[in-house]
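# Analysis of the macromolecular model
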Amino acid sequence: MLPDLADLTADAHVVALPMRVRFRGTTIREALVLRGPAGWTEFSPFVEYDDAEATAWLRAAIDFGWTDHEPAADSVPVNATVPAVPADRVAEVLARYPGCTTAKVKVAEPGTTLEDDVDRVTAVRRVMGPDAAVRVDANGLWTVDQAVRALESLAPFDLQYAEQPVRTVPELADLRRRTSGLGVAIAADESVRRAADPLAVARAGAADVLVVKAQPLGGVTAAQRVVAEAGLPCVVSSALDTSVGLGMGAFLAAAAMSPGYAAGLGTAAMFEADVTATPLLPVGGRVAVRRAEVSVELLERHAAAPERRAWWLDRLRRTHALLAAA
């Protein structure tokens with residue numbers, strides 16, 4: 001079911017939310033939140049994505065806003081997210097994630113070195129202790145040779161997995177073979193959410209874990225199908241969403257995520273502001289599975305500039321037209 005464009009824009013708001021630290025190269029996250037019959041939902045493909053890729057994100061917004069999903073649990077465990085900060089800032093970052101016993105650490109950030117990555121992971125392990133689960137995420141920025149060297153350096157920290165260490169599915173498969181003796185599992189993220197065939201990774205035997213995100217995979221319903229067909233352990237993560245989008249992810253995590261893993265849905269802690277007075281922040285290492293109640297006052301306070309609102313509404317119109325044509 002594709003709602004009319006007028007229904008999508010009847011109560012649509014574009015916000016620009018400041019972040020505490022730079023993440024994915026940005027300190028301001030723009031998003032479009034809108035209200036459907038089932039509640040508030042979100043359309044926030046990253047600004048560099050083209051309209052064709054953005055169609056999955058709009059399908060997700062429609063699925064969540066026009067479907068009464070039932071929560072499969074009251075809450076889900078989440079990880080702390082450590083951006084590519086200097087090692088001496090790690091404790092400050094982790095303090096925003098009370099109760100979390102898993103951390104995802106960004107590595108391979110442009111302008112930093114492998115030594116910086118090792119120092120950062122060292123600090124995380126020191127702060128969280130030997131029993132914590134530590135993951136690293138390279139966003140596909142290493143070559144296979146660089147990834148081999150990096151994982152050899154990071155393996156002594158008892159990594160739970162390395163997320164998208166290299167870019168392509170063949171590279172993931174090659175890396176997985178070359179590092180099989182290190183005891184570091186390989187997780188695929190971009191090779192799932194940005195792929196024409198999100199199951200290609202599983203078919204190629206290129207990963208041990210799938211990282212899935214609700215918006216890029218077309219929503220809670222579509223993402224559950226991908227997880228079921230892949231037959232691999234699944235970790236649900238955010239796409240740097242507002243608490244509206246995090247709610248979408250929480251519903252997916254409760255329904256589809258593998259036991260023993262923490263979801264990457266604690267990222268509201270990375271924002272200085274949100275669209276709700278009760279953001280989905282980690283409490284006791286978990287986030288609630290619920291829809292966010294949006295605050296009109298916060299929507300107005302953090303409204304994007306008029307030209308950015310026009311840009312997002314035009315993007316919504318173009319993406320809607322692509323879905324209608326399909």
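Check the entry above for the structure.
Notes on the structure in this doc start here. Owing to the predicted nature of the structure, the values given are computational and were not obtained by experimental measurement. (Residues numbered from 1 in each chain as written. Predicted model: local features only at pLDDT ≥ 70, side-chain atom pairs only at ≥ 80, totals over all residues. Heavy atoms only, no water.)

Within the chain one finds twelve helices and twelve strands. Taken over C-alpha atoms, the radius of gyration comes to 19 Å for the chain, in line with the 20 Å a tight globule of 326 residues would show. When the backbone C-alpha atoms are referred to their principal axes, the chain occupies close to 55 × 40 × 35 Å. Within the chain, residue pairs in contact and separated by at least 24 positions form 70% of the contacts whose partners lie at least 6 positions apart. (Helix = DSSP H or I, 4+ residues; strand = E, 2+ residues; numbered from the N terminus. Rg over C-alpha atoms; globule rule 2.2 N^0.38 Å. Contact = heavy atoms within 4.5 Å.)

Moving on, we come to the pattern of salt bridges. Under the definition given, this model contains 20 salt bridges. Linking Asp 137 and Lys 106 is a salt bridge whose minimum nitrogen-to-oxygen distance equals 2.6 Å. Of this pair, Asp 137 sits in strand E7 (residues 133–137) while Lys 106 sits in strand E6 (residues 102–106), placing them 31 residues apart in sequence. The exposure classification of Asp 137 matches that of Lys 106, with both residues buried. The network of salt bridges with shared partners includes Asp 51, Asp 314, Arg 317 and Arg 318. (Salt bridge = Lys/Arg side-chain N within 4 Å of Asp/Glu carboxyl O. Buried < 20%, exposed > 50% of the residue type's maximum accessible area, 1.4 Å probe, protein only.)

Bringing the nonpolar core into the picture now. When a protein is soluble and globular, its nonpolar side chains tend to lie buried together. Grouped together as the largest cluster of nonpolar side chains are 117 residues, with contacts concentrated most on Phe 43, Trp 142, Val 212 and Leu 265. A per-element tally of this core places helix H10 (residues 243–256) first, with nine residues. (Core = buried A, V, L, I, M, F, W, Y, C linked by side-chain atoms within 4.5 Å.)

This part covers empty space enclosed by the protein. One water molecule sets the probe size; rolling that probe over the atoms shows where empty space is left. Tallied over the entire structure, the rule returns two cavities of 30 Å³ or more. Put simply, the largest cavity is a space of about 150 Å³. As for the largest cavity, its lining consists of 17 residues, of which Phe 23, Lys 104, Lys 213, Ser 238 and Leu 240 are closest to the centre. In this model, the second largest cavity occupies a volume close to 50 Å³. Around the second largest cavity, the lining residues are Lys 213, Ala 214, Gln 215, Pro 216, Ser 237, Ser 238, Ala 239, Asp 241, Gly 245, Leu 246, Gly 249 and Leu 265. Ranked by residues supplied to the lining of the second largest cavity, first place goes to H10 with three residues. Among the residues making up the lining of the second largest cavity, the classes are represented as five nonpolar, five polar and two charged. (1 Å grid on protein atoms, 1.4 Å probe; cavity = no way out; pocket = protein on both sides within 12 Å on 5 of 7 lines; lining within 4 Å. Points joined across faces, edges and corners; volume = space filled by probe spheres on them. Nonpolar A, V, L, I, M, F, W, Y, C, P; charged D, E, K, R; others polar.)

Here helix H9 (residues 220–230) crosses H10 at 35°, and the two axes come no closer than 10 Å. Between H9 and H10 lies a crossing whose hand is right-handed. Where H9 approaches H10, its residues Val 220, Ala 223, Gln 224 and Val 227 are matched on the opposing element by Met 248, Phe 251, Leu 252, Ala 255 and Ala 256. Its residues assigned to classes, the contact of H9 with H10 comprises eight nonpolar, one polar and no charged. (Axes fitted to C-alpha atoms, helices over the stretch in contact; angles between N-to-C directions. Left-handed = near helix turned anticlockwise from the far one by under 90°.)

Take the side chain of Thr 242 next. For Thr 242, the position within the fold is in the loop between strand E11 (234–237) and H10. Polar side-chain contacts of Thr 242 include one of 2.5 Å to the side chain of Glu 42. Once residues lying within four places of it in the same chain are set aside, the contact partners of Thr 242 are Leu 17, Ala 31, Val 33, Glu 42, Asp 274 and Val 275. (Polar contact = N/O pair within 3.5 Å; in protein donor to acceptor, adjacent residues only side chain to side chain.)

Further remarks concern the sheet that holds strand E2 (residues 26–36). Reading across from one edge, E1-E2-E3 is the order of the three strands in this open sheet, with antiparallel pairing throughout. Each edge of the open sheet is held by one strand with a lone partner, namely strand E1 (12–23) and strand E3 (39–43). When strand polarity is set aside, the average angle formed by the axes of neighbouring strands in this sheet is 35°. With five bridges connecting them, E2 and E3 associate as antiparallel partners. The partner of Gly 36 across the bridge, within E3, is Gly 39. This element, helix H2 (residues 51–65), spans E2 and E3 of the sheet and lies at about 175° to E3. (Pairing = 2+ DSSP bridges.)

Moving on: the packing of H2 against H10. Their axes nearest at 11 Å, the elements H2 and H10 cross at an angle of 75°. Looking at the two axes, H2 sits roughly perpendicular to H10. Of H10, the residues touching H2 (which contributes Ala 60, Ala 61 and Phe 64) are Val 244, Gly 247, Met 248 and Phe 251. Of the residues in the contact of H2 with H10, the class split is six nonpolar, one polar and no charged. (Parallel < 35°, antiparallel > 145°, perpendicular 65-115°, else oblique.)

Another point: the sheet that holds E6. Ordered in space as E5-E6-E7-E8-E9-E10-E11, the seven strands form an open sheet in which the pairing is parallel. A strand with exactly one partner marks an edge of an open sheet, and here the two such strands are strand E5 (80–82) and E11. In this sheet, neighbouring strand axes are inclined to one another by 25° on average, regardless of whether the strands run parallel or antiparallel. Note that strand E8 (residues 159–163) and strand E9 (residues 185–188) share three bridges and pair parallel. When the sheet's bridge partners are listed, Glu 163 is paired in E9 with Ala 187.

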